[in-house]
Amino acid sequence: MNLDKDKMEEECGVFGIYTKEEPSVIHHMFYGLFALQHRGQESAGVSISKNGNIKTHKAMGLVTHVLNDKVMETLEGNVAIGHVRYSTCGDSNVSNAQPLEGHCKLGQIAIAHNGTLTNAKIVRELLEETGAVFQSTIDSEVILSLTSRKASKGLEQAIVDAINMIQGAYAIVMTV
């Protein structure tokens with residue numbers, strides 16, 4: 001009998017929220033991530049957009065520690081994406097916490113991802129051969145890089161092109 005398989009294994013949680021009416025969605029984001037905490041207890045993070053400017057906060061630990069009252073006072077916006085992590089790919093450190101944020105022709109872009117990309121290693125190697133630089137060891141950054149490389153085609157087409165290049169089962173939330 002293999003006891004290693006006799007334990008709960010989750011694979012992260014992603015949450016996204018948008019509103020036109022409320023001045024800030026950070027409290028709703030907190031409760032959304034708190035409800036997903038069972039999916040990952042290693043790290044938590046949020047990217048929140050106000051007038052097209054994205055601010056990201058992420059750290060190792062539980063949602064209640066990462067998004068404490070002091071931190072939440074600094075996060076305003078009407079669009080937010082969040083992530084709780086359980087390591088399945090990449091090292092356990094803050095550089096692999098999500099959401100990931102970058103800058104491209106589309107402006108600021110942030111992504112949170114849950115799942116497994118079965119061809120992430122191959123796509124990452126191809127991107128590195130053409131000059132891509134990665135800041136983390138997680139496969140989510142492959143999606144961010146693919147999307148930013150096609151930014152000149154517009155947001156929708158860039159996402160479609162990125163999704164057409166990856167394989168696997170996953171959920172993604174993004175904001176620009």
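Owing to the predicted nature of the structure, the values given are computational and were not obtained by experimental measurement.

K.L.:
I'd like a rundown of the sheet that holds strand E7 (residues 168-175), residues and numbers included.
P.N.:
Pairing within the open sheet is antiparallel, and its three strands lie in the order E5-E6-E7. Among the strands making up the open sheet, the edge pair consists of strand E5 (100-104) and E7. The sheet shows a mean angle of 30° between the axes of neighbouring strands, direction not considered. Taken together, the five bridges between E5 and strand E6 (residues 107-117) define a ladder with antiparallel strand orientation.

K.L.:
Give a description of the packing of helix H4 (residues 120-129) against helix H5 (residues 140-149) that names residues and reports values.
P.N.:
With their axes 10 Å apart at the nearest point, H4 and H5 run at an angle of 45° to one another. By the criterion of interaxial angle, the relationship of H4 to H5 is oblique. Classified by chirality, the crossing of H5 by H4 is left-handed. Contact with H4, carried on its side by Ala120, Val123, Arg124 and Leu127, involves Val142, Ser145, Leu146 and Arg149 of H5 and no other residues of that element. Tallied by class, residues from the contact of H4 with H5 come to five nonpolar, one polar and two charged.

How each quantity is defined
- Residues numbered from 1 in each chain as written.
- Predicted model: local features only at pLDDT ≥ 70, side-chain atom pairs only at ≥ 80, totals over all residues.
- Heavy atoms only, no water.
- Pairing = 2+ DSSP bridges.
- Helix = DSSP H or I, 4+ residues; strand = E, 2+ residues; numbered from the N terminus.
- Axes fitted to C-alpha atoms, helices over the stretch in contact; angles between N-to-C directions.
- Parallel < 35°, antiparallel > 145°, perpendicular 65-115°, else oblique.
- Left-handed = near helix turned anticlockwise from the far one by under 90°.
- Contact = heavy atoms within 4.5 Å.
- Nonpolar A, V, L, I, M, F, W, Y, C, P; charged D, E, K, R; others polar.

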